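# Tertiary structure, described
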Amino acid sequence: MGKLLYIQASPRGSRSYSLAVADAFIESYRSLHADDRIVTLNVFEANLPTFDGLTVRAKYTIMHGEKHTPEELAAWRSVEAVISEFTSADKYVLAVPMWNFSIPYRLKQYIDILVQPSYTFNVTAEGGYVGLVTGKPLFVTYSRGGEYIPGTASEMFDLQTKYLQVILGFIGITDIRTVVVEPTLGRGPEVAVQKRKEAIEQARQMAVTF
């Protein structure tokens, strides 16, 4: 029995295009992998630890083997719990809408909690980096109101896919399978409905080999 972590980065519920596509993927996946455990985490609903002054201080104090306070240890343990939930998964599904050409702030907070040395990446003796979350596939569905087609002038504004590809690769996740639903606004509701339908069908097909 494997574990799939379904990370939802939209607060829009049934109105979300990214969630609709990812939900379709999950539905198909579940029908093919009935024994797998699927854990859902919506970053807008989760009680994520705040990466504030106490947590940052705790990080460096504990990392350097220095004496820490009980408050610092408790703050760092809450970070470790989030990381452990993530790294214990065998597969990942991620639903991400575009916000201001990038990702929602709560997903960024989640990522900032996860990306920690010795937990999800290491620094080599030569000063390079090596990801520790390896051999695990990730399916991601992106939604955006406009169109950011590769090779067009608008591509430069797509910091959504670029950032996630870089940061996921940094921690070792390189098997990334993608469905993009766009435009959800730019060409009117009829086009949006059609694009949503096409993306859902594509997601269902991709679940078969995930």
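Overview of the structure. What you see as residue numbers is a count from 1 along each chain, following the sequence as written. A pLDDT threshold of at least 70 governs which residues receive local features in this predicted model, and a stricter bar of 80 or more applies before side-chain atom pairs are shown or counted, although totals over entire chains, interfaces and linings include all residues. Where side-chain values are given, they derive from all heavy atoms of the structure, hydrogens and water being excluded.

## Digging into the sheet that holds strand β6 (residues 138-143)
Taken together, five strands build an open sheet; the order of strands is β2-β1-β3-β6-β7 and the sheet is parallel. Each end of this open sheet is capped by a strand with a single partner; those strands are β2 (37-42) and β7 (176-181). Geometrically, the sheet is characterised by an average inter-axis angle of 15° between neighbouring strands, direction not taken into account. One bridge is not enough; two strands pair if DSSP finds at least two bridges between them. For the purposes of this entry, the term helix denotes a DSSP run of H or I that reaches at least four residues, the term strand denotes a run of E that reaches at least two, and both are numbered from the N terminus. Where β6 lies against β7, six bridges are found, and the strand directions are parallel. Looking at β7, one finds that Leu138 is bridged to Ile176. Two residues qualify as a contact provided that any one of their heavy atoms is within 4.5 Å of a heavy atom in the partner residue. Orientation is described by axes fitted as lines to C-alpha atoms, over the contacting stretch for helices, and by angles from 0 to 180 degrees between their N-to-C directions. Helix α1 (residues 17-32) contacts β1 (3-8), β2, β3 (91-97), β6 and β7 of the sheet and is inclined by roughly 160° relative to β3.

## Digging into the pattern of salt bridges
Salt bridges, as used here, are contacts in which a Lys or Arg side-chain nitrogen is within 4 Å of a carboxyl oxygen on Asp or Glu. Scanning the model with the defined rule gives nine salt bridges in all. Asp112 is the salt-bridge partner of Lys108, the closest N and O atoms lying 2.8 Å from each other. Taken together, the residues Lys108 and Asp112, both in helix α4 (residues 105-114) and four residues apart, mark about one turn of the helix. Close ionic contact of Arg144 with Asp158 constitutes a salt bridge, the shortest N to O distance being 3.3 Å.

## Topic: the packing of α1 against helix α6 (residues 189-207)
Close contact between α1 and α6 brings their axes to 8 Å; oriented N to C, the two are set at 25°. One element, α1, and the other, α6, form an angle in the roughly parallel class. In the packing of α1 onto α6, the handedness of the crossing is right-handed. Together, Tyr17, Ala20, Val21, Ala24, Phe25, Glu27, Ser28, Tyr29 and Leu32 of α1 and Ala192, Arg196, Ala199, Ile200, Ala203, Arg204, Met206 and Ala207 of α6 make up the contact between the two elements. Charged means Asp, Glu, Lys or Arg here, nonpolar means Ala, Val, Leu, Ile, Met, Phe, Trp, Tyr, Cys or Pro, and polar covers whatever is left, Gly included. Tallied by class, the residues present in the contact of α1 with α6 amount to 13 nonpolar, one polar and three charged. In these notes the angle categories are as follows: under 35 degrees is roughly parallel, over 145 is roughly antiparallel, 65 to 115 is roughly perpendicular, and the rest is oblique. By the definition used in this description, the sense in which the near helix is turned from the far one sets the handedness, with an anticlockwise turn below a right angle giving left-handed and a clockwise turn giving right-handed.

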